[in-house]
Structures are given as structure tokens and as C-alpha cells.
Amino acid sequence: MALKCGIVGLPNVGKSTLFNALSNNKAEAANFPFCTIEPNVGIVTVPDERLQILEKLVNPQKVLPTTIEFVDIAGLVKGASKGEGLGNKFLGNIREVDAIIHVVRCFEDENIVHVAGSVDPVFDKEVIDTELQYKDLEAVDKKILKLQKIAKTGDSEARAYIQVLTNIKEVLEGGKNVRSLQHSEDDAKAYEDLLLLTAKPVIYVANVDESSVTTGNSFVEALKKEIADENSAVVIISASIEADIAEIEDLEERQMFLEEYGLSDSGLDRLIRASYDLLSLITYFTAGEQEVRAWTIERGWKAPKAASVIHTDFEKGFIKAEVIKLENFKKFGSEQACKEAGKLAIEGKDYVVHDGDIMHFRFNV
């Protein structure tokens, strides 16, 4: 499964600078709103040292990491839900992503204007939240009207869905996001087709100045306090540092550069980890002479569904999965050695895949 994250934020918060650094895709960055007219898409490989371990042991023809797709979405302004600025186009782009990366300005710079006149991360967050909530309200109202017509025929499911949507409407009108609600899977069916914007998981990126990249600052603390009751993460990043890192190709030189700022890893690495944690994603591997490859799945998936990310036929005709734990592969050095040591397990349809599993699927279609 390909993870798709949309990078959003008010104009001049550092969105395009961060996107350029993450993907090395040189989207234009300028000191005025709407310099990014169309969404820019960058495919970023997910760093995973376990791939390097497997590469040394297997010596494959190629190594294929899993990827994340980052979409830099045009800057949002107050009134976007009513069509202001790039409004509807912006909001439509967000519907397509799995998670939202909300970049919030947490730095002072008199040379970079702020659309509201001063740096206030809480205000910035509220502007975007409000616009997304307005758009969700519009979608919910339309769905309620449609269901009311169906409910008049005596459809009990329609009546139940109306109640769920009415509760969501009250939450949105109260200035809160749908993701703050706890719903059963059955209740979620009432709005899953709406792709509600405020139901999507969010990671807040606090874009700070270079001196605050390890400790944060008062702006970051204000943001953390504001989202304390949300199931969201805050990742502190200096987009300017990330831009410099992106220009360094040598890994040792890059690590030395990070250490100068007291960092052990890049903002990209931390952002990817936060994305995986937030969405409850894990990685399993396939390893053979032709290729060593990483595959992203949701935590808790059973073997047949995990196999489907390789090909749907693998799930349809699933017979069994051969599973080796990474620590055993490292210890014994090869699949054959693991088999001889009794460390290759044969698992059936109920096996729950674990992070780091090395798997080979048997299927028949």
C-alpha cells in the first residue's frame, strides 16, 4: 500500500521549503501566497537500516524500499471553504490523502511576512481547522438530506446513519474535528464515502528557527498545549536545516552536519516514523536473489491481506506463508540455514504479520 500525505499550511509557513527538502523536487518557493498553484508530488523512499542488513546477507540484484508520497498542496487562506483563494481546489486535493502534514510557523523572521501580521501557531491552526470544518459541514448536510428521503420509505439503516451524522454535525458546529470522536465500524459507514477532511489523522510540523530545532520554543509549546486533547503528533523541524541536508549526498558528511545541530537524525526520518506510528503501519520484507523489498501494511493484518499488497492473486489463492524473523536471518545468514535450524515457520491464514518479518507466500489461483 502506498502511503500518501498532504502537506498543508497557511502561506509563508515554510511548506514548499520543507517539501523541496523532503523530496528534492524544486517546487518554487516565494515570499507571497499561492506560489504553488498545482499540487507538487514527491515520492520519498522510507529509510530502513534492515534493508541494508538483508542486502549484505542476500546480495540481491536490486533493493526496493517502501515509499511515501508527499503532496505539497496550495496555501490556504481564511474563506477557502467559500472559494476564497484556491479554496475548493485545495480542499479537494486534501480528500485524496491518507494523512495531513500540517506545517505551522513557529519562528520569527521580519523578512518573511505573515498573512495575519504576527506569528501565532494557534491562530494558524484554527484558520485551517475552521475551513476544513466548514467544508465537512457542507458534505454532512447534503448526506443528511439525501438520507432523510430514504428514511421516509422506512429504511432503518438510513435512520441510524442520520443519527450518526447529526452527532457529527453538532461536533463540527462546536468547532471540533471529526477525528476527536470515537465511532464503531458500523457508525463509520455513515460517513466513510464523504472522505471527511477533519476525520483524517494529522501530524503537526512545528517549523522552527535553527537555534530551536532541538529544544523547541514558546511557539511550539503553545501549539502542543492547543492540541493536547487530539490524537496527533508534533514533530519539530527546521525547514532551512532540512534544505541544507537535502543538498548533502555523502551519508557520513550528512551525519556530521546533523551532529553539529545536536541531531541524531533528519526531520524527514522523524516525520516518517511519526506517520507510521500515527497510521499504525509496519513493514515486512521479501528477500531473494532477484530483489530484497520492503512492503508497508497496517498493524494487525493477517498473512493473506498482507500478501495482497504484492498482488491481489496472492490473497485470493493464499495457501501458506513461510516466515523468518529478522534476528534469526541475521544469526544464521540465509533462508536455507534458517530452515535447517528450524527457524522457518509455516503459517496459515490466521497468522498476524509482525514488523520486520521476512515472508514468502505460497498461493494457487
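Cut-offs applied
- Residues numbered from 1 in each chain as written.
- Predicted model: local features only at pLDDT ≥ 70, side-chain atom pairs only at ≥ 80, totals over all residues.
- Heavy atoms only, no water.
- Helix = DSSP H or I, 4+ residues; strand = E, 2+ residues; numbered from the N terminus.
- Buried < 20%, exposed > 50% of the residue type's maximum accessible area, 1.4 Å probe, protein only.
- Contact = heavy atoms within 4.5 Å.
- Areas by Shrake-Rupley, 256 points an atom, 1.4 Å probe, with all protein chains shown as cover.
- Phe/Tyr/Trp six-rings, centres within 6.5 Å; stacked < 30°, edge-to-face > 60°.
- Lys NZ or Arg CZ within 6 Å of the ring centre and 35° of its normal.
- Salt bridge = Lys/Arg side-chain N within 4 Å of Asp/Glu carboxyl O.
- Arc of directions from axis to C-beta.
- Polar contact = N/O pair within 3.5 Å; in protein donor to acceptor, adjacent residues only side chain to side chain.
- Pairing = 2+ DSSP bridges.
- Axes fitted to C-alpha atoms, helices over the stretch in contact; angles between N-to-C directions.

J.: What is the right way to look at the overall build of the protein in this model?
T.: Broken down by element type, the protein carries 14 helices and 12 strands. Per-residue burial over the protein gives 48% buried out of 365 residues. For the protein, the proportion of contacts with a sequence separation of at least 24, taken over those separated by at least 6, is 69%. Carbon and sulfur atoms form 47% of the exposed surface of the protein, whose accessible area is close to 18300 Å².

J.: When you look at the packing of aromatic side chains in this model, what are you seeing that I'm missing?
T.: Centre distance and the angle of the planes are the two values used to describe a pair of aromatic rings. Per the stated rule, a full pass over the model turns up 5 aromatic pairs. Their ring planes at 55° and their centres at 5.3 Å tell us that Phe257 and Tyr261 sit as a pair that is tilted. For Tyr261, a relative accessible area of 24% corresponds to the partly exposed category. Three or more aromatic residues joined by ring pairs form one cluster here, namely Tyr284, Phe314, Phe318, Phe361 and Phe363. Sitting above the plane of the Phe107 ring, Arg105 keeps its charged end 4.5 Å from the centroid.

J.: Is there a simple way to explain the pattern of salt bridges in this structure?
T.: Pairs may arise between side chains of opposite charge once their charged atoms sit close together. Counting across every chain of the model gives 19 salt bridges. For Lys15, the salt bridge goes to Asp72, with nearest N and O atoms at 2.9 Å. Pair noted here: Lys15 is in helix α1 (residues 15–23) and Asp72 is in strand β4 (residues 67–72), with a separation of 57 residues, a long-range link. With respect to burial, Lys15 and Asp72 carry one shared label: buried. The closest approach of N and O atoms between Asp193 and Lys143, which form a salt bridge, is 2.9 Å. Of this pair, Asp193 sits in the loop between α6 (185–188) and β6 (202–207) while Lys143 sits in helix α4 (residues 121–151); the two residues are 50 residues apart in sequence, bridging distant segments of the chain. A residue is classified by how much of its surface remains accessible, and Lys143, at 12% relative accessible area, is buried. Each of Lys125, Asp129, Arg179 and Glu230 takes part in one network of salt bridges that share partners.

J.: Can you walk me through helix α7 (residues 218–226) in this structure?
T.: Residues spaced three or four apart along an α-helix point in a common direction, a consequence of the helix completing one turn every 3.6 residues. For α7, the complete set of buried residues consists of Phe219, Val220 and Leu223. Buried residues of α7, seen end-on, are gathered within an arc of 100° and therefore sit on one face of the element. Exposed residues lying more than 90 degrees from the buried face of α7 are Ser218 and Lys225. Residues of α7 that are buried make contact with β5 (99–105), α4, β6 and β7 (233–237). Near the N-terminus of α7, the side chain that reaches the backbone nitrogen of Phe219, with its oxygen 3.0 Å away, is that of Asn217.

J.: What is the right way to look at the environment of Leu18 in this model?
T.: Here Leu18 lies in helix α1. Between the C-alpha atom of Leu18 and that of Ile241, which follows or precedes it by 223 residues, the distance is 9.4 Å. Discounting residues that sit within four places of it in the chain, Leu18 has contacts with Val103, Val205, Ile237, Ala239 and Glu242.

J.: So what exactly am I meant to see when it comes to the sheet that holds β7 here?
T.: Strand pairing in a sheet takes place through backbone hydrogen bonds and is either antiparallel or parallel in direction. The sheet built from 6 strands is open, its strands ordered β2-β4-β1-β5-β6-β7 with mixed pairing. Each having just a single partner strand, β2 (40–45) and β7 make up the two edges of the open sheet. Within the sheet, the average angular offset between the axes of one strand and its neighbour, ignoring direction, is 25°. Sheet analysis places strand β1 (residues 3–8) next to β4, joined by 5 bridges and oriented parallel. Pairing of Cys5 across the sheet is with Phe70, part of β4.

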